[in-house]
Amino acid sequence: MTDRAANRVRERREARGLSQVALAERARLTRQSVGAIEAGRATPAVDVALRLASALDCSVEDLFGEPSAVADLATETDAPAALGRAAVARIADRWVSYPLEQDAVRMAADGIVTGERRGRAVVEPLRALAEVEENVVMMGCATGLGLLADRLNTRPGPGRFLWFPRSSTAALQALARQRTHVAGVHLVDARTGEANVADVRRLGHAEPIVLITLARWEAGLIVRREDAGRVRGAADLGLPGLRLAGREAGAGAQRLLEREVRGHGLPLELARKPHLRVAGHLDVARAVAMGAADTGVATRDAAMAFGLGFVPLAEERYDLAVPREGLDDSRVQRLLDVLVSGEFRRELSALAYDARQAGERVAEVRAA
């Protein structure tokens, strides 16, 4: 940050008749921090810059010029920062970045990752930080989450909703690490047969987690229509030469596949070492449609999307896991309003979801 940029903080503070102590109190900083920023000895993080701007009743740009010249938008990452386009969100007073890779390449970026600093991505913003703060991240494997995000984003109201397809376990892990606002989950406990509660309880999240139903769906084997007579159930997974598309460890579909294989007395290796491993319901359907695999476990809507046959194995409840404190967020409230709307339920029904329980609060789970 340049001295000229730093002096604008001092000039704005003095113009408002504030001492460094008074500004520090308003911005929830120490007087020493304010002094260092004004003197150009310290570069404020984005959250600090926003608090200073709010305390001085101006924009970040008024104080520091372009945001990228003010502060590095340092975001938490799961791995070394991947340079390039990224989505950014603010969760629990932290900036979090998400590389826009694979299917997410179609998403408009919030910034460009230009490097890494002490394990945090450095992002040059492409949108005003006040707009980026409105982002709400949803992770989960249900295409219904994508529909929900799209419906929310085409209506007026608070929040820009970003859907990142992830397995149920990956979404829950992201929720526990404060990397997502909402996690979609369909995990049946092998011991009790209960949906989702046991896995959420094992998160050990500090705050209670509320489970709200998105819908119920059918999971089963996806096959090409010409193979429908060949694969009629899980018992046929042991047929010689049958090429199986499996899912990543932690996926609800993979858990179902292993349960079915075990239940029919087949070697568990069939499920754990498939011919091909993919990362989502639609990817299973795509692999079968392209002829890269003969079958795999996915949802009925994935089969419908590619015009494939479907052999049902189980009906599952798909829930949204939200920290209880997050329910007071106006953006989450808007999400829940759309979730129970007639239009959204009808669209889910058209994809073979059972949406009658959409929006129902089914459990509040505390850490074990």
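Before reading on, note that the structure itself is shown above.
Attention here is on the structure that accompanies the text. If you're wondering where the values come from, they're calculated on a predicted model, not measured in any experiment.

What counts and how
For every chain, the first residue of the written sequence is number 1, and numbering continues from 1 onward in sequence order. The predicted nature of this model means local features are confined to residues of pLDDT at least 70 and side-chain atom pairs, given and counted, to a pLDDT of 80 or more, with totals for whole chains, interfaces and linings taken over all residues. Only hydrogens and water are removed before side-chain values are computed, so all heavy atoms of the structure are retained for them. Here a strand is any run of E in DSSP of at least two residues, a helix any run of H or I of at least four, and the numbering for each starts at the N terminus. Whether two residues touch is decided by their heavy atoms; if any such pair falls within 4.5 Å, the residues are in contact. Reported accessibility uses the Shrake-Rupley method at a 1.4 Å probe radius. Residues are deemed covered only where the shown protein chains occlude them. Just so you know, the count uses Lys and Arg for positive and Asp and Glu for negative, and it drops His and the chain ends. To locate a charge, the coordinates of NZ of Lys, CZ of Arg, CG of Asp or CD of Glu are taken. Among the buried residues, those of types Ala, Val, Leu, Ile, Met, Phe, Trp, Tyr and Cys that are joined through side-chain atoms within 4.5 Å form a nonpolar core. Burial status follows relative accessibility: with a 1.4 Å probe on protein chains alone, a residue under 20% of its type maximum counts as buried, one over 50% as exposed, and anything between as partly exposed. Every case where a carboxyl oxygen of Asp or Glu lies within 4 Å of a side-chain nitrogen of Lys or Arg is listed as a salt bridge.

### Quick look at the overall build of the protein
Then step 1. Across its full length, the protein carries 16 helices and 14 strands.
Then step 2. With respect to the three principal axes, the spread of C-alpha positions in the protein is 80 × 40 × 35 Å.
Then step 3. The contacts of the protein with a sequence gap of at least 6 include a subset with a gap of at least 24, amounting to 69%.
Then step 4. Accessible surface computed for the protein: about 16600 Å², of which carbon and sulfur atoms make up 48%.
Then step 5. Side-chain charges of the protein comprise 52 positive and 50 negative groups, with the mean position of each set lying 2 Å from the other.

### Section: the nonpolar core
Then step 1. Judged by nonpolar contacts, the single largest core of 29 residues is most densely connected at Met138, Leu214, Tyr318, Leu320, Leu335 and Leu339.
Then step 2. Excluding its chain neighbours within four sequence positions, the residues that come into contact with Leu335 are Met138, Leu148, Leu152, Phe161 and Leu320.
Then step 3. In terms of nonpolar packing, the next biggest core, distinct from the first, is built from 27 residues, Phe164, Ala171, Leu172 and Ala363 among them.

### Quick notes on the pattern of salt bridges
Then step 1. Counted under the stated rule, the structure contains 25 salt bridges.
Then step 2. Across the pair Asp199 and Arg202 runs a salt bridge whose closest N-O atoms are separated by 3.2 Å.
Then step 3. We classify Asp199 as buried; its relative accessible area is 11%.
Then step 4. Residue class for Arg202 comes out exposed when judged on its relative accessible area of 53%.
Then step 5. Ionic pairing is found between Glu226 and Arg224, a salt bridge with its closest N-O pair at 3.7 Å.
Then step 6. Since its relative accessible area comes to 14%, Arg224 is described here as buried.
Then step 7. Salt bridges here are not isolated pairs; linked through shared partners, they connect Arg224, Glu226, Asp227, Arg243 and Asp294.

### Section: the environment of Gln20
Then step 1. One can find Gln20 in helix α2 (residues 20-27).
Then step 2. Note: C-alpha distance between Gln20 and Arg10 (10 residues apart in sequence) is 8.6 Å.
Then step 3. Beyond its immediate stretch of four places on either side in the chain, Gln20 contacts Arg13, Arg31, Val34, Gly35 and Glu38.

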